[in-house]
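What follows is each chain in one-letter form.
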There are 4 protein chains.
Amino acid sequence: MTESRQASAVSTQERAAADVIRIAHTVFTVTDLDASRDFYVGLLGLNVLHEEPGALYLRGVEDREWTLKLEQAPEAGVRHLAYRVRTDACLDGLVALAEREGLPYRWEEELDRPRLLRMQDPFGVPVAFYRESRTHRWLLQDYHLHRGPGLQRVDHVNVMTPDVGSMMAWYGERLGFRASELTEDEDGRIWAAWIQRRGGVHDLAMTNGAGPRLHHWAYWMPDAMSIIRACDILAGARQPERIERGPGRHGISNAFFLYVRDPDGHRIELYTSDYVTVDPDFETIRWQRDDPRRQTLWGAKTPRSWFEEGSRMEAFDGGWVALTESELKGMPSNVI
Amino acid sequence: MTESRQASAVSTQERAAADVIRIAHTVFTVTDLDASRDFYVGLLGLNVLHEEPGALYLRGVEDREWTLKLEQAPEAGVRHLAYRVRTDACLDGLVALAEREGLPYRWEEELDRPRLLRMQDPFGVPVAFYRESRTHRWLLQDYHLHRGPGLQRVDHVNVMTPDVGSMMAWYGERLGFRASELTEDEDGRIWAAWIQRRGGVHDLAMTNGAGPRLHHWAYWMPDAMSIIRACDILAGARQPERIERGPGRHGISNAFFLYVRDPDGHRIELYTSDYVTVDPDFETIRWQRDDPRRQTLWGAKTPRSWFEEGSRMEAFDGGWVALTESELKGMPSNVI
Amino acid sequence: MTESRQASAVSTQERAAADVIRIAHTVFTVTDLDASRDFYVGLLGLNVLHEEPGALYLRGVEDREWTLKLEQAPEAGVRHLAYRVRTDACLDGLVALAEREGLPYRWEEELDRPRLLRMQDPFGVPVAFYRESRTHRWLLQDYHLHRGPGLQRVDHVNVMTPDVGSMMAWYGERLGFRASELTEDEDGRIWAAWIQRRGGVHDLAMTNGAGPRLHHWAYWMPDAMSIIRACDILAGARQPERIERGPGRHGISNAFFLYVRDPDGHRIELYTSDYVTVDPDFETIRWQRDDPRRQTLWGAKTPRSWFEEGSRMEAFDGGWVALTESELKGMPSNVI
Amino acid sequence: MTESRQASAVSTQERAAADVIRIAHTVFTVTDLDASRDFYVGLLGLNVLHEEPGALYLRGVEDREWTLKLEQAPEAGVRHLAYRVRTDACLDGLVALAEREGLPYRWEEELDRPRLLRMQDPFGVPVAFYRESRTHRWLLQDYHLHRGPGLQRVDHVNVMTPDVGSMMAWYGERLGFRASELTEDEDGRIWAAWIQRRGGVHDLAMTNGAGPRLHHWAYWMPDAMSIIRACDILAGARQPERIERGPGRHGISNAFFLYVRDPDGHRIELYTSDYVTVDPDFETIRWQRDDPRRQTLWGAKTPRSWFEEGSRMEAFDGGWVALTESELKGMPSNVI
């Protein structure tokens, strides 16, 4: 009977916790805010929603809240990855989850968001959840104010972790994420996974590697030509080396993509043209790790840095989360 | 007590009924199937999933089921508009709703869908709901097989009705649709509404006019250039008159759009680049009816036919649903 | 013998005169330079090469010289249309031509061009010819500096005249222009002509109407999407009414086009994707005036203003050239 | 006196010979015509103008004559590169040039061209010149017939030669080609050159290497997106390995480009968005060989095969022209 009640309680909490809407924003620390501003605002054309000494709050033209905060700091890293949830009950459910699983958590506030639940997930990733956010008039139809390639809205985040399989299972079981695609080897071990809440291809992707680290933060682009324009702009500014990979088309997600690195090495993906996953019978697409179509349906080979480098993440009590190596070693064949 | 129980029962039914996922497919009757094939397959490049004497089942490259059936018939019209639902319980809830509200309904089957609940909504629209559908391998990444402008997936349907306000309320209260945008006049009367379940701008739009009639059926396009290509192809085939309106950009939805008319006059919209509405605090955007930015952020004036013409819809017991005139008369100022 | 010598002399002069390279620049007078700057620089994104009190010198990103001068003046009009020639001998030949035909001419200078031969052609058009121009580093590959839709380079000019046939013949015989396309009626009367020196579709187009007036000045755009972007930008700035016609695709020239009107009503065409005419056996494409494919392969009907309005041109001795009505009256059928 | 007369004669011949209009067509031998047809027609979408046993005559949608002949043969190679000339006198001038310089030549005919002057240039390249060609109705505005990425028209040819400097000088002095861009090292040795007759960036490019060989044959594309579409189509057909390099943007020419290899290894460039060079004071753009912006303003590193591989060329008396190694060895730094 107690067991049954507990199960029932868990189930209610789970249901509440499952009401994550979407990936929503992140906070990067950067070592030279002026250089970062030149890159994100001057070249990529992100829009400054708010500015204060030592920090910039940026957004795409469709974003009605800030989606990327840049914070001047001695070292570059990621403070947290934040998800928007539907109800306050969902936040309560997340607290219950944290307590049940022994995950550290605390309440914080940040600009425009009075009540942010910060916790560290079992894989060391600093995540945050919030319901309430002040929204701002978007710039979507203010085309005369769009600058650069016109980044549109936050799309997804990709995290490097040594145990993709477990992390995928945890986000699925606890938070109701569904896998749209995954990469496995012939032994059935999962090397990467794309999971979603919003009905698109992914809110969160996980890539095998020493972790937790941020692999990349992604913005949705209006079309492939705006991604080509990003390349032209970076080349015009004599910074083509900021392009790490692409443009090309992913097999996974079918997206037209470009990866760029900011002055601190944080990786940003410009991403467009994936597909819809709202149907309950959408079957997870499973790719073999060495299928060359997986990473790039077409496109140049992937540089080694793209597999090996990522941004470290802030530990719950300060400093950086220690990295754990992955037991899965090796790289796909189409790497240079 | 009885009342309370009923209320509770309704509430459970409503919750079940609310689990409509998205608009999913339609069936058009056409008077010359060969001419329709030339238009939909030969020019628009829709893909034939199945063919039988007197009927074609078509889909876009991302669609995993057929989304448009063309059926040879003596007269052109629309047999039904079909929505996909999440669970069988949802279908049961819809039956309960139909019985409670006295809406005619019956179970049907169609190709790939063994159990389709057909009913007539209170506004005379023949709608259908189904959970199960056989899915097919999509053509999304078979770019070598894409033809014409490359229609990607079903996006939404637009229905003409003399009482937009009531219809919006009914779909909202009974089926959980949320309004992303609406058009009202200075007296607060609603002339048009865009409502959604899927997290996009709309699954269903309603436009004031004698109804019920189909205003248009819409496909999502990969980008604006593919819509330009549709124009070029129609012009190349010496059928530019099939273009009724556009290309242009809507104020409402922000979409880049084109309206074409098939050989029977059925109206198809090619549509791309709208926005995401998953946030619970997304506030309905309200436009004044005479705001010139509403219909076309930019673009040529709208021809009168676009406001006046639509496809009639099949009555539950056969024949066509009789039209009811709207009490709201008049047109926006930017009509030619 | 004298006659023969004269013929020979003429022939030599003609050969020299024939070495016009291309249409090169124009000078507009405008009544509110700030408003014009907002339009041309702020919205269209033309680049300021030089600025002086009361005047702006603008260019596209590929232009190595200024191609549009805006000059503050009490009344709006066009000072001259200027062509670049290959040699000084060509300028001498043009002087001989002017003297032989009694055309007024004088030498002028303007910024970056020390020696400009200004004359009035037999149809009242103020034209100028020059060989030497100071060139500037282009901005073609400085993509980070491109603004707005990214106008690339001057493409052509279109002049309204009551006698298209004679004007086409004169530019052909005297200056070696070749017709790529023309519009005629069933009586063989020429309503419009597109003639070229540069190997493209046209440097100079002539349209039937009271003249001489400027119909439009055109810039080459990188692609159709940059023209769509121009529409979006004008709409974003709440100035969609500056779009007079388009976007669409011309039958003539096959170009994807947009016509916009500046604050004084000067008409600018944004133009792209025509074809090459360098082959000597390229046969002039002849269109019947009422062929609906001619003006717009596809696109909305043409507003009446597009046929009726133009910018007046400066007379050789000051003031404006008096207009001559055309005997050819009427409009194509696809006008609104 | 004799010397003076000879000089005068030469000068007249030179003037005549200088009237080359543009690069016009080529003939490839291929070892499996069906495989080549699948590639050129089925995937790239070139249009079959004529077909005969063992040969296909292809063209882009703007081409009014065939521009690529594929000929079944035991070995793959290039029969000739053909230029169109303005007059028969030009052909006579070219014969005089051949005799004066001891270049082998003969008259041939091919489909649609009754009189083709074939010769071998001093660098071993089999070139052909012709004035008369039967022209065909183009497909430019038959958009409904365009297939695949829509190759538009022949743009240029690129030849590998061990002596770029001499070859550039010969084509300049004898045939009036002008250099738009060139690559040199710190010792002033020329590694590559882009020379033109038509007023674009190049009709003929020369790249340092063992030669003579064909480096690539290039078609003009309507826009960058059509090049992206070519990538998607090749990937869809599971042939992404046919993409050798790109997409990217060249520093030289500013073109957006893609290089693909046909089933025999012949290299085709899809190319768009360069600039105009008709002005006589257009100064040759000179790049340092190790300037990374030169090859790719942005884009992935260039594979070694792109520098090393090319198609051999037919010798005047049959067989293949023997290759001469270049004394300039080494590669740019951005090669993988």
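These figures come from a predicted structure and were not determined experimentally.

Another point: the relation of the copies chain D and chain A. The operation relating chain D to chain A is a screw motion whose rotation component is 180°, with 0.0 Å of axial translation and a residual RMSD of 0.0 Å. Taken together, the rotation and translation relating the two chain copies correspond to the operation of a two-fold axis. When C-alpha positions in chain D are compared against the rotation axis, the closest is assigned to alanine 300 of chain D, at 3.1 Å. A shared binding surface is used by both copies, with 100% of the interface residues of chain D retained as interface residues in chain A.

Residues and elements named next belong to chain A. Cross-referencing UniProt, the feature "domain: VOC" (unreviewed entry) maps to residues 22–132 and 153–273 in the present numbering. Taken end to end, residues 22–132 is 23% helix and 48% strand, and its first and last C-alpha atoms sit 13 Å apart. The span residues 153–273 is 21% helical and 45% strand by assignment, and the distance between its end C-alpha atoms comes to 13 Å.

Here we come to helix H5 (residues 224–236) of chain B. Residue and element names in this part refer to chain B. Spanning 13 residues, H5 covers 18 Å between terminal C-alpha atoms, matching the ideal 18 Å at 1.5 Å per step. A large share of H5 lies buried, amounting to twelve of its 13 residues. Those residues of H5 not exposed but buried are Ala224, Met225, Ser226, Ile227, Ile228, Ala230, Cys231, Asp232, Ile233, Leu234, Ala235 and Gly236. The first or second residue beyond H5 is arginine 238, which carries a positive phi of 60°.

Attention now moves to the interface of chain B and chain A. The partner chain A presents 34 residues to the 33 residues of chain B that form the contact. Here chain B packs against chain A, burying approximately 2,700 Å² in sum over the two surfaces, 48% of which is carbon and sulfur. Looking at the side of chain B facing chain A, the largest losses of area belong to Gln141, Val278 and Asp279 of chain B, adding up to 19% of the total buried there. Taken together, chain B and chain A are joined by eight salt bridges. With its nearest N and O atoms 3.6 Å apart, the salt bridge here joins aspartate 279 of chain B to arginine 64 of chain A. Connecting chain B to chain A are 16 residue pairs in polar contact (both at pLDDT 80 or more). Secondary structure elements with two or more residues in the side of chain B that touches chain A: strand S1 (20–30) and strand S17 (285–288) of chain B. Residue composition of the side of chain B that touches chain A, by class: twelve nonpolar, seven polar and 14 charged.

For the pair chain B and chain A, the relating rotation is 180°, the translation along its axis is 0.0 Å, and the fit reaches an RMSD of 0.0 Å. An overlap of 100% is found between the interface residues of chain B and their copies at the interface of chain A, pointing to a shared contact surface.

Taken together, the contact pairs 17 residues of chain D with 17 residues of chain A. Our count for the chain D to chain A interface comes out at two salt bridges. Salt-bridge contacts for arginine 249 of chain D lead to aspartate 232 of chain A; the nearest nitrogen and oxygen are separated by 2.5 Å. At the surface where chain D touches chain A, the tally comes to six residue pairs in polar contact (both at pLDDT 80 or more).

Conventions adopted
Numbering of residues begins from 1 in every chain and follows the order in which that chain's sequence is written. All chains are assigned letters beginning with A, and all ligands numbers beginning with 1, in the order in which they are written. With the structure being a predicted model, the display of local features is reserved for residues of pLDDT at least 70 and the display and counting of side-chain atom pairs for 80 or more, all residues being used for whole-chain, interface and lining totals. Values reported for side chains reflect all heavy atoms of the structure, with hydrogen atoms and water molecules removed beforehand. Copy-to-copy alignment: least squares on C-alpha atoms, limited to residues at pLDDT 70 or above in both. Only heavy atoms matter for contacts: two residues are in contact if any of them lie within 4.5 Å across the pair. UniProt positions are given in the numbering used here, feature names are shortened, and annotations may be inferred rather than shown by experiment. Helix numbers and strand numbers start at the N terminus; a helix is a DSSP run of H or I with at least 4 residues, a strand a run of E with at least 2. In this analysis, the expected span of each helix is defined as 1.5 Å times one less than the number of residues it contains. A simple rule labels every residue: compare its accessible area, found with a 1.4 Å probe on the protein chains alone, to the largest value its type can have, and call it buried under 20%, exposed over 50%, or partly exposed in between. Summed over both partners, the accessible area lost on bringing two parts together, with a 1.4 Å probe, is the buried area. We count a salt bridge whenever a side-chain nitrogen from Lys or Arg sits within 4 Å of a carboxyl oxygen from Asp or Glu. Under this definition, polar contacts are N or O atom pairs within 3.5 Å; protein pairs additionally need one hydrogen-donor-capable and one acceptor-capable atom, and for neighbouring residues in sequence, both atoms have to be side-chain atoms. Throughout, the ten residues Ala, Val, Leu, Ile, Met, Phe, Trp, Tyr, Cys and Pro are labelled nonpolar, Asp, Glu, Lys and Arg are labelled charged, and all others, Gly among them, are labelled polar.

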